[in-house]
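Results of the structural survey
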Amino acid sequence: MVWTGTWVAERLGVELIGDEELPSLLGLALRRNPKRAHLLVSSVLGKHVPQHPSVVYGSGLGLGLRVRELLGAEEAGRAVVLGYAETATALGHAVADGLGAAPYLHSTRRPVAGVATAGGFEESHSHATSHLLLPEDPKLLAGEGPLVLVDDEFSTGNTVLNTIRGLHERYPRERYVVVALVDMRGPADRDRLTAFAAEIGARVDLLTLAAGTVRLPDGVLAKGQELVARHEPAPGTTGGAAPAPRVRAGFAAVAAPVRVALDWPADVPDGGRHGFTPEHRARLEEALPAMTAALAEALEGGAAPAADTPAAPAGPGPRVLVLGFEELMYAPLRLAGALEDAGLDVRYSTTTRSPVLAVDDPGYAIRTRLVFPAHDDPADGPGERYAYNVAGGGFDAVVAVVDSAADTPALHAPDGLLAQLAAHIPHVVLAVVPSYAPRAVPADETRAVPPYAPQAATEPVAAPATEAPERSSMLPEPLRGPAFSSYAPEEVGWLLQDLSDVELEAPTEEREEAIQSGGAHYAESLPVEYQPSARYQELFHSALESSAARIAHAVGTVTETVLAERPGRPVLVSLARAGTPVGVLMRRWALWRHGLDLPHYAVSIVRGRGIDANALRWLAAHHDPADVVFVDGWTGKGAITRELAAALRESEEFAGFDPEIAVLADPGSCVRTYGTREDFLIPSACLNSTVSGLISRTVLRSDLVGPDDFHGAKFYRELAGADVSGTFLDTVEARFDEVADTVDTDVKDLLAADRTPTWEGWAAVERISEEYGIHDVNLVKPGVGETTRVLLRRVPWKVLARRGADADLAHVRLLAEQRGVPVEEVDGLPYSCVGLIHPQYTRGATGADGKAVASR
């Protein structure tokens, strides 16, 4: 028998050293990953390599029995098991089953609206790093009993230790048990676990099937990437030899997939994504025989000989593959095991997100791969998915098990998973498990997770209710499109919480009265989204076309300035929402001009309340604060510039962040890093959410945003038909090449110039405030962008326009006309225009004459 790590070992000089069982448990493969080229491929996990379900389930069950023996019956009865998506979801389930009475939860990459995030973390070496913890019952992780953490391999220990650290800060425990199939840590990582346990004052045990290390020669990452590039197959192919489908005697090829109706037990979750209790397990056990019979009957549908199909010689019974779906591993595993117990020749594996090179060689762990599009509308956007060692595996039938969220047109498409399977396996059966929809548990509900009696897994033992925990200090991962915003997922990560289902909008006049009377802060509600008239939309598109090159030049100038003064790989952090389109354009410029893929996030900052501290904590945990560059659209009088500087100055925790803001336009002369200091029309200021990824202004309200939460915002999905966010970005990007040469020249001059802020704008605002009897600089909004905001969101009093500045003010004049607001021509204005909010506002005083004018 050839070891399935031979091919990689010979070409890269990689060595697997350790227990004699390791070669039977692990093979080696290569993947296109900038952090780790090699992949340890488990032969007993049921992910990449089809395996007998009894072997897969038995491996986890045996580890669970060992954990139970280690803890003792009493402590095992208080334990909670936590598994990791996507590879270890079924393994963790099986460990929980071995413990006998432990509730189970696994991390997930599928967010669920209305379910509070109890935590989140990054898996640094992974291709898809963001994990969420979404227990239906928020108390699941709040107990004091042992926490058992299950992963397929323990390589460095970073993921597990980061999880323990984050949870321990919130819910300290005396004991943790880490379970993995293999322990592949080096000596330094072993010492780190010992030191970590001492640091948190808890016992941390480790149980595995085998231990060893992978010895990597110098330069292995680059060499591995070169090897992957040389052997990478054409897109959409299997990647290895894929023999034509064979047909056993008496087993017919079936043209179309057969759908089998599973009588899945009501209210039993499809897995541990939101928690799975021993009671759920008992109900699943009861339902397995009937579901197995239904599958067996569907498989028998292929038993009749096909009229025109040459049969292979008679032999053993049909060989069946039960194929799970990404995180959905436990349900298909139990179904596969039941079919195996019924006497069928069954193997089990699952589809995956992980891109791995396939090489048809006996000494390589991944012989073939099927490639197909994602079919569950994933939160991080569309992409390829894979099934390994399925083509050419000698299977006569395959049972594809998916949850109902994944039973979409993409699954049934000509290039979808079912079609790919049908091209290589004669008989395809589809079984759909209903996706479990958890109910949101109110924070004050006294529903505790009880300890379960080891002897009677289905009967909970009475226990005092524990106090409902607050949200964990483990902050969730950024929201991304298309689940949140119309931007592509790689364009920006929103460090916000989704408040789309909360009614936050109030009439403009009511908001203004509450704000000016001190009854409410402007960030506690949202204005009704302005929907532009056909005339105004035409004005936006003509303004965009005429100013695109000017904006592109400013984008290039500010980006090149940032890159010159922040060498390396800056992290762009936009101040939502006006800064977000600018941050996206800066990211596109860096990628277009320099091949730099800059990280880009959006955070909330609120005048008078400061920047979102939790967002800064997340950034500090994932990036060097010194690399962070804050980005905004423009400066008015510099209030946000001052707000950011004050927030960072007042907290030693955030001393590593630079308060300097990079802006597209700085007419107020408030910053050093800018694309221009001219006050001109930036079309993204003309609209609200429909030019900003369909995201609202940010919200900060105490009943919605707790001490451990990000600030909030809404995603206006219903406005998708009016969305021009992509049009704005693409139109500006199309002019990059046109302005590149002048950008280079201008940036050299700019870097050599004195860019010290003069705060000219602030002085002008103070003068206007007094001259017009307003006596409140917050009601004076200078610049084209801020004036537009006044007309769209506030109760405007009048607009001051610099004489002769007509070119950039057509949309301002149109909005002013629609709202009955006079435009006053003035001389000596440092801005193109200034918007004045109605001072001492009372409801009904909308125009300059105090007469009501309906908002449109």
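Conventions we followed
- Residues numbered from 1 in each chain as written.
- Predicted model: local features only at pLDDT ≥ 70, side-chain atom pairs only at ≥ 80, totals over all residues.
- Heavy atoms only, no water.
- Helix = DSSP H or I, 4+ residues; strand = E, 2+ residues; numbered from the N terminus.
- Contact = heavy atoms within 4.5 Å.
- Pairing = 2+ DSSP bridges.
- Axes fitted to C-alpha atoms, helices over the stretch in contact; angles between N-to-C directions.
- Buried < 20%, exposed > 50% of the residue type's maximum accessible area, 1.4 Å probe, protein only.
- pLDDT = per-residue confidence, 0-100.
- Phe/Tyr/Trp six-rings, centres within 6.5 Å; stacked < 30°, edge-to-face > 60°.
- Lys NZ or Arg CZ within 6 Å of the ring centre and 35° of its normal.
- 1 Å grid on protein atoms, 1.4 Å probe; cavity = no way out; pocket = protein on both sides within 12 Å on 5 of 7 lines; lining within 4 Å.
- Points joined across faces, edges and corners; volume = space filled by probe spheres on them.
- Nonpolar A, V, L, I, M, F, W, Y, C, P; charged D, E, K, R; others polar.
- Salt bridge = Lys/Arg side-chain N within 4 Å of Asp/Glu carboxyl O.
- Core = buried A, V, L, I, M, F, W, Y, C linked by side-chain atoms within 4.5 Å.
- Parallel < 35°, antiparallel > 145°, perpendicular 65-115°, else oblique.

**Concerning the overall build of the protein chain**
Along the backbone of the protein chain there are 22 helices and 32 strands. By sequence separation, contacts in the protein chain at least 24 residues apart represent 77% of the contacts at least 6 residues apart.

**Considerations on the sheet that holds strand S12 (residues 319-325)**
Reading across from one edge, S11-S17-S16-S12-S13 is the order of the 5 strands in this open sheet, with parallel pairing throughout. The two strands at the open ends of the sheet, each matched to only one other strand, are strand S11 (258-260) and strand S13 (345-351). In this sheet, neighbouring strand axes are inclined to one another by 25 degrees on average, regardless of whether the strands run parallel or antiparallel. Against the sheet, helix H10 (residues 330-341) touches S12, S13 and strand S16 (397-403), its axis set at about 170 degrees to S13.

**A look at the environment of Leu421**
Tracing the backbone through its elements, the reader meets Leu421 in helix H12 (residues 417-422). Along the primary structure Leu421 and Ala400 are separated by 21 residues, whereas in three dimensions their C-alpha atoms are 8.9 Å apart. Discounting chain neighbours no more than four positions away, the residues touching Leu421 are Leu323, Leu370, Val390, Val398, Ala400 and Val428.

**Some thoughts on the pairing of strand S23 (residues 600-606)**
Most of S23 sits inside the fold, with 7 of its 7 residues counted as buried. Where strand S18 (residues 493-494) meets S23, 2 bridges bridge the pair, whose relative direction is parallel. If you follow Gly493 over to S23, its bridge partner there is Tyr601. Judged from the 5 bridges that link them, strand S22 (residues 571-576) and S23 form a sheet pairing that is parallel. Note on S23: the bridge partner recorded for Leu572 is His600. As paired elements, S23 and strand S24 (residues 610-611) share 2 bridges and run antiparallel to each other. When the sheet's bridge partners are listed, Ile605 is paired in S24 with Ile611.

**A closer look at the confidence of the model for the protein chain**
The pLDDT averaged across the protein chain works out to 83; a share of 84% of its residues lies at or above 70. Looking at the elements of the protein chain, mean pLDDT is at its lowest for strand S6 (residues 119-122), recorded as 54, and at its highest for S13, recorded as 98. Of the regions scoring below 50 in pLDDT, residues 122-129 engages in 29 contacts with residues more than four places distant in sequence or in other chains. Here residues 303-315 is modelled with pLDDT under 50, and outside its nearest four sequence neighbours on either side it reaches 18 contacts, counting other chains as well.

**A few points about the environment of Val359**
Note that Val359 resides in the loop between S13 and strand S14 (369-373). The class of Val359 is buried, set by a relative accessible area of 10%. For the pair Val359 and Ala29, spaced 330 residues apart in sequence, the C-alpha to C-alpha distance is 8.7 Å.

**Points about the packing of aromatic side chains**
The tally for this structure, following the rule as stated, stands at 12 aromatic pairs. Judged by centre distance (5.8 Å) and plane angle (70 degrees), the rings of Phe276 and Tyr330 are edge-to-face. Taken together, the residues span a long stretch of sequence, with Phe276 in the loop between S11 and helix H9 (278-300) and Tyr330 in helix H10 at a distance of 54 residues. Like Phe276, the residue Tyr330 is buried in the burial classification. Taking NZ or CZ as reference, Arg642 lies 4.5 Å from the ring centre of Trp759, over its face. For Lys798, the ring lying beneath its charged end belongs to Trp797, and the centroid distance is 4.7 Å.

**What about unusual backbone geometry?**
Cis geometry marks the peptide bond from Gly481 to Pro482, where omega comes out at 5 degrees. Relative to the helices and strands, Pro482 is located in the loop between strand S17 (427-433) and S18. Omega for the peptide link from Ala576 to Arg577 comes to 5 degrees, which places this bond in the cis form. Assignment of secondary structure puts Arg577 in the loop between S22 and helix H15 (579-594). Backbone geometry places Asp267, a non-glycine residue, at a positive phi of 70 degrees. Residue placement: Asp267 occurs in the loop between S11 and H9. A residue is classified by how much of its surface remains accessible, and Asp267, at 59% relative accessible area, is exposed. With a phi close to 65 degrees, Leu694 is a non-glycine residue in the positive phi region. For Leu694, the position within the fold is in the loop between strand S27 (673-676) and strand S28 (712-713).

**Comments concerning the layout of surface pockets**
Of the voids in this model, the second largest pocket is the one considered here, and its volume is about 710 Å³. As for the second largest pocket, its lining consists of 31 residues, and the residues nearest its centre are Thr4, Val49, Ala365, Arg367 and Asn389. If you list the elements that add at least two residues to the lining of the second largest pocket, you get helix H2 (22-25), strand S2 (26-30) and strand S3 (38-42). Counted by class, the lining of the second largest pocket contains 17 nonpolar, 10 polar and 4 charged residues.

**A closer look at the pattern of salt bridges**
Per the counting criterion, the structure on display carries 44 salt bridges. Arg617 is paired through a salt bridge with Glu653; the nearest N and O atoms lie 2.8 Å apart. Placement of the pair is Arg617 in helix H16 (residues 613-622) and Glu653 in the loop between helix H17 (639-649) and strand S26 (661-665), with a sequence separation of 36 residues. Judged by relative accessible area, Arg617 falls into the partly exposed class, the value being 34%. We classify Glu653 as partly exposed; its relative accessible area is 48%. A single salt-bridge network, built from bridges that share partners, covers Glu491, Arg587, Arg588, Asp597, Asp730 and Glu733.

**With respect to the nonpolar core**
By size, the foremost hydrophobic cluster in this structure holds 107 residues, and its most contacted members are Leu30, Val81, Val148, Tyr364, Val399 and Leu421. In terms of residue count, H9 provides more of this core than any other element does, 7 residues in total. Discounting chain neighbours no more than four positions away, the residues touching Tyr364 are Thr4, Trp7, Val8, Leu28, Ala29, Leu30, Val356, Leu357, Ala358 and Val359. If you look at the next biggest cluster of nonpolar residues, it comprises 78 residues, including Phe540, Ala552, Val584 and Val732.

**A few points about the packing of helix H14 (residues 534-565) against H15**
Relative to each other, H14 and H15 sit at 75 degrees, their axes nearing to 9 Å. Our classification of the angle between H14 and H15 gives roughly perpendicular. Every residue of H15 that contacts H14 at Ala552, Val555, Gly556, Val558, Thr559, Glu560, Val562 and Leu563 is listed here: Leu585, Met586, Trp589, Ala590, Arg593 and His594. The class makeup of the residues in the contact of H14 with H15 is 9 nonpolar, 3 polar and 2 charged.

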